[in-house]
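Residues per chain, in single letters:
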There are 2 protein chains.
Amino acid sequence: MKQRSISNAVIERLPRYYSYVTMLERAKVERISSKTLGESLGITPSQIRQDLSCFGAFGQQGYGYSVRDLRRELGHILGVDRQYSAVIIGTGNLGLALIQHFQFEYSGLRLLASFDKREQLIGRTISGVTVLHSRELESFAQKHPFQLGILTVPEDSAVTMANRLVKLKVQGIWNFTNAELGITDPDIIVENVHLADSLLTLSYRMAQREQNP
Amino acid sequence: MKQRSISNAVIERLPRYYSYVTMLERAKVERISSKTLGESLGITPSQIRQDLSCFGAFGQQGYGYSVRDLRRELGHILGVDRQYSAVIIGTGNLGLALIQHFQFEYSGLRLLASFDKREQLIGRTISGVTVLHSRELESFAQKHPFQLGILTVPEDSAVTMANRLVKLKVQGIWNFTNAELGITDPDIIVENVHLADSLLTLSYRMAQREQNP
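Residues numbered from 1 in each chain as written. Chains lettered and ligands numbered in written order. Predicted model: local features only at pLDDT ≥ 70, side-chain atom pairs only at ≥ 80, totals over all residues. Heavy atoms only, no water.

Colleague: Give a detailed account of the overall build of chain A, specifying residues and quantitative values.
Modeller: Tallying secondary structure elements over chain A gives eight helices and nine strands in all. C-alpha extents for chain A along the principal axes are approximately 60 × 50 × 35 Å. Buried positions account for 51% of the 213 residues belonging to chain A. In chain A, 59% of the contacts between residues at least 6 apart in sequence involve partners at least 24 apart. Here chain A contributes 24 positively and 21 negatively charged side chains, and the mean placements of these two sets differ by 5 Å. (Helix = DSSP H or I, 4+ residues; strand = E, 2+ residues; numbered from the N terminus. Buried < 20%, exposed > 50% of the residue type's maximum accessible area, 1.4 Å probe, protein only. Contact = heavy atoms within 4.5 Å. Lys, Arg positive; Asp, Glu negative; His and termini not counted. Charge placed at Lys NZ, Arg CZ, Asp CG, Glu CD.)

Structural data, given as structure tokens:
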């Protein structure tokens, strides 16, 4: 029940902490102080100490936090240790970029397969992930259950494919299309990657900087 | 000076409003009520009326907002009408996905060129955008000034290429790499696309849903 009391603001910072300590662990760093963590992430050390104490991680005065312990604790809260399985729907350039470069294992995900409807892609194996025909999605799901669908199809197929994922009772959809999926089932979490919003935020800040240098 | 008083919370919602009314304009919708806008975006109509009134857009009772006027007004605030020019640094799958599918023009951007160091890509034209060799970045910039660099190189080239963009005095960097660029120049706005954070937020919410159905 403890987790219920964690505020949304803290929750939004958790992935950043987790990504950062994951990077530190890869770099074989063993301990990190709240000061260094804060400087790297642009968060005050006292905010960091307060955030991390919310879920029982306490640094030692003068020694900081154990990177390994912190990563494990954050990973547990973020659901990383649940080892969700995922499939990619749409194996165009974006799907391929994710298969080849995105480190799913650091987010605790197993990528089981990728789907597409273009015959010339079917059967290819990319970075260990096989491309299957979209029409096989349901039969694949029966044999290899997955909890997450990653939607990288063209916009005009987005709603159709999302509805097929809904029928398969996935728990989450990571939506890279610009389409509003219109999913109302409260048991399915949809996370939209709105790249245009990110670019607009950037151009807004550039325009502001020009006006108020 | 009016814009200075707009709160951060409003600013974060502006790109969503803009993207949505852009979609409406493409669909030839002429007017939109705050109620419909709110239902589509999961924001209360009164919040929307309050947000939009911040910068002088007023809907007419019973008629709603003119989609075209609203899009123009929002676009102005977001810097879309500044027509920034951009280049892509790194023409792998992610760079290609952006070139082929991302609608830069809706964010008011002109994509001038794409860069890569792989000889087999140089000179290819994709969706009207030519791939140039990375070593030509500086000479290209002299002839064709750009304000924004889109960084889609592998992580180990990220800092080097970012520093070259800094030297070229770009105003913004849209960073798709996981690298911390470490740019301290206050005149350069960096917008990081942290896909891992988005996925971790999703898995956190999936895990929460399982624990508290």
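What follows picks up the thread again.
Colleague: Tell me about the nonpolar core, residues and numbers included.
Modeller: Ranked by internal contacts, the top residues of the largest apolar core, which has 56 residues, are Phe 104, Leu 148, Ile 150 and Trp 174 of chain A together with Phe 104, Ile 150 and Trp 174 of chain B. Aside from chain neighbours lying at most four places away, what touches Trp 174 of chain A is Phe 102, Phe 104, Leu 148, Gly 149, Ile 150, Leu 151, Glu 191 and Val 193 of chain A together with Leu 195, Ser 198, Leu 199 and Leu 202 of chain B. (Core = buried A, V, L, I, M, F, W, Y, C linked by side-chain atoms within 4.5 Å.)

Colleague: Explain the pattern of salt bridges residue by residue, including any values.
Modeller: Across all of its chains, the model carries 18 salt bridges over all chains by this definition. For Glu 25 of chain A, the salt bridge is made with Arg 71 of chain A, and the minimal N-O distance between the two is 3.0 Å. Note that Glu 25 of chain A is positioned in helix H1 (residues 8–26) and Arg 71 of chain A in helix H4 (residues 67–77), a separation of 46 residues in sequence. With relative accessibility at 28%, the residue Glu 25 of chain A sits in the partly exposed group. The salt bridge involving Glu 39 of chain B is made with Lys 35 of chain B; its shortest N-O contact spans 3.4 Å. Placement of the pair is Glu 39 of chain B and Lys 35 of chain B together in helix H2 (residues 34–41), with a separation of four residues, close to one helical turn. (Salt bridge = Lys/Arg side-chain N within 4 Å of Asp/Glu carboxyl O.)

Colleague: Kindly report on the interface of chain A and chain B, identifying the contributing residues and their values.
Modeller: A common way to state how big an interface is: give the accessible area lost once the parts meet. Across the contact, 60 residues belong to chain A and 60 residues belong to chain B. Summed over both partners, the interface of chain A with chain B buries about 5600 Å², with 59% contributed by carbon and sulfur atoms. Of all residues in chain A, Leu 199, Tyr 204 and Met 206 of chain A give up the largest surface area on contact with chain B, accounting jointly for 12% of the area buried on that side. Summed over the shared surface of chain A and chain B, the result is four salt bridges. Of the charged contacts, one joins Glu 191 of chain B and Arg 205 of chain A as a salt bridge, the two residues approaching to 3.4 Å between their closest N and O atoms. Per element, the largest residue contribution to the side of chain A that touches chain B is 17 residues, and it comes from helix H8 (residues 195–211) of chain A. (Buried area = accessible area lost by both parts, 1.4 Å probe.)

Colleague: Quick one: what's the story with the sheet that holds strand S8 (residues 172–175) of chain A, residue by residue and with numbers?
Modeller: All names here are of chain A. The seven strands lie next to each other as S5-S6-S4-S3-S7-S8-S9, forming an open sheet whose pairing is mixed. Of all the strands in the sheet, just strand S5 (125–126) and strand S9 (189–192) have a single pairing partner and so form its edges. In the packing of helix H7 (residues 155–167) onto the sheet, contacts are made with strand S3 (85–89), strand S7 (148–151) and S8, and the angle to S7 comes to roughly 175°. (Pairing = 2+ DSSP bridges. Axes fitted to C-alpha atoms, helices over the stretch in contact; angles between N-to-C directions.)

Colleague: Tell me about the relation of the copies chain A and chain B, residues and numbers included.
Modeller: You can overlay chain A on chain B at an RMSD of 0.0 Å; the transform is a turn of 180° with a shift of 0.0 Å along its axis. Between the two chains, the operation in question is that of a two-fold axis. By C-alpha distance to the rotation axis, the residue of chain A lying nearest is Asn 93 of chain A, at 2.4 Å. The overlap is high: 100% of the interface residues of chain A also sit at the interface in chain B, so the same surface is used on both sides. (Least-squares fit on C-alpha atoms with pLDDT ≥ 70 in both.)

Colleague: Before we move on, could you go through the side chain of Thr 91 of chain A and cite the residues and values that matter?
Modeller: All names here are of chain A. Take Thr 91: it is sitting in the loop between S3 and helix H5 (93–101). For Thr 91, a relative accessible area of 1% puts it in the buried group. Other than its neighbours up to four places away in sequence, Thr 91 contacts Leu 96, Ile 99, Ser 114, Phe 115, Asp 116, Arg 118, Leu 121 and Val 131.

Colleague: Which residues make up the environment of Ser 107 of chain A, and what are the values?
Modeller: Among the secondary structure elements, Ser 107 of chain A is positioned in the loop between H5 and strand S4 (110–116). On a C-alpha basis, the gap between Ser 107 of chain A and Ser 19 of chain A in space is 8.7 Å, while along the polypeptide they are 88 residues apart. Ignoring any residue separated from it by four or fewer positions in sequence, one finds Ser 107 of chain A in contact with Val 80 and Phe 102 of chain A together with Ala 196, Leu 199 and Leu 200 of chain B.

Colleague: Describe in detail the packing of helix H2 (residues 34–41) of chain A against helix H3 (residues 45–53) of chain A, supporting the description with residues and values.
Modeller: Residues and elements named next belong to chain A. Across the interface, H2 lies against H3 with an axial gap of 8 Å and an inter-helix angle of 110°. By the criterion of interaxial angle, the relationship of H2 to H3 is roughly perpendicular. Where H2 approaches H3, its residues Ser 34, Lys 35, Leu 37 and Gly 38 are matched on the opposing element by Pro 45, Ile 48, Arg 49 and Leu 52. Looking at the contact of H2 with H3 residue by residue, the classes come out as four nonpolar, two polar and two charged. (Parallel < 35°, antiparallel > 145°, perpendicular 65-115°, else oblique. Nonpolar A, V, L, I, M, F, W, Y, C, P; charged D, E, K, R; others polar.)

Colleague: Lay out the pairing of S8 of chain A with the relevant residues and their values.
Modeller: Residue and element names in this part refer to chain A. Burial along S8 is two-sided: Gly 172 and Trp 174 facing one way and Ile 173 and Asn 175 facing the other are all buried. One ladder, built from four bridges, connects S7 with S8; its direction is parallel. Its bridge partner being in S8, Leu 148 is matched across the sheet by Gly 172. The β-α-β motif built from S7, the intervening H7 and the parallel element S8 has right-handed crossover chirality. As defined by bridge partners, S8 adjoins S9 across four bridges and the pair is classed as parallel. The partner of Asn 175 across the bridge, within S9, is Asn 192. (Right-handed = clockwise from strand over helix to strand, strands pointing away.)

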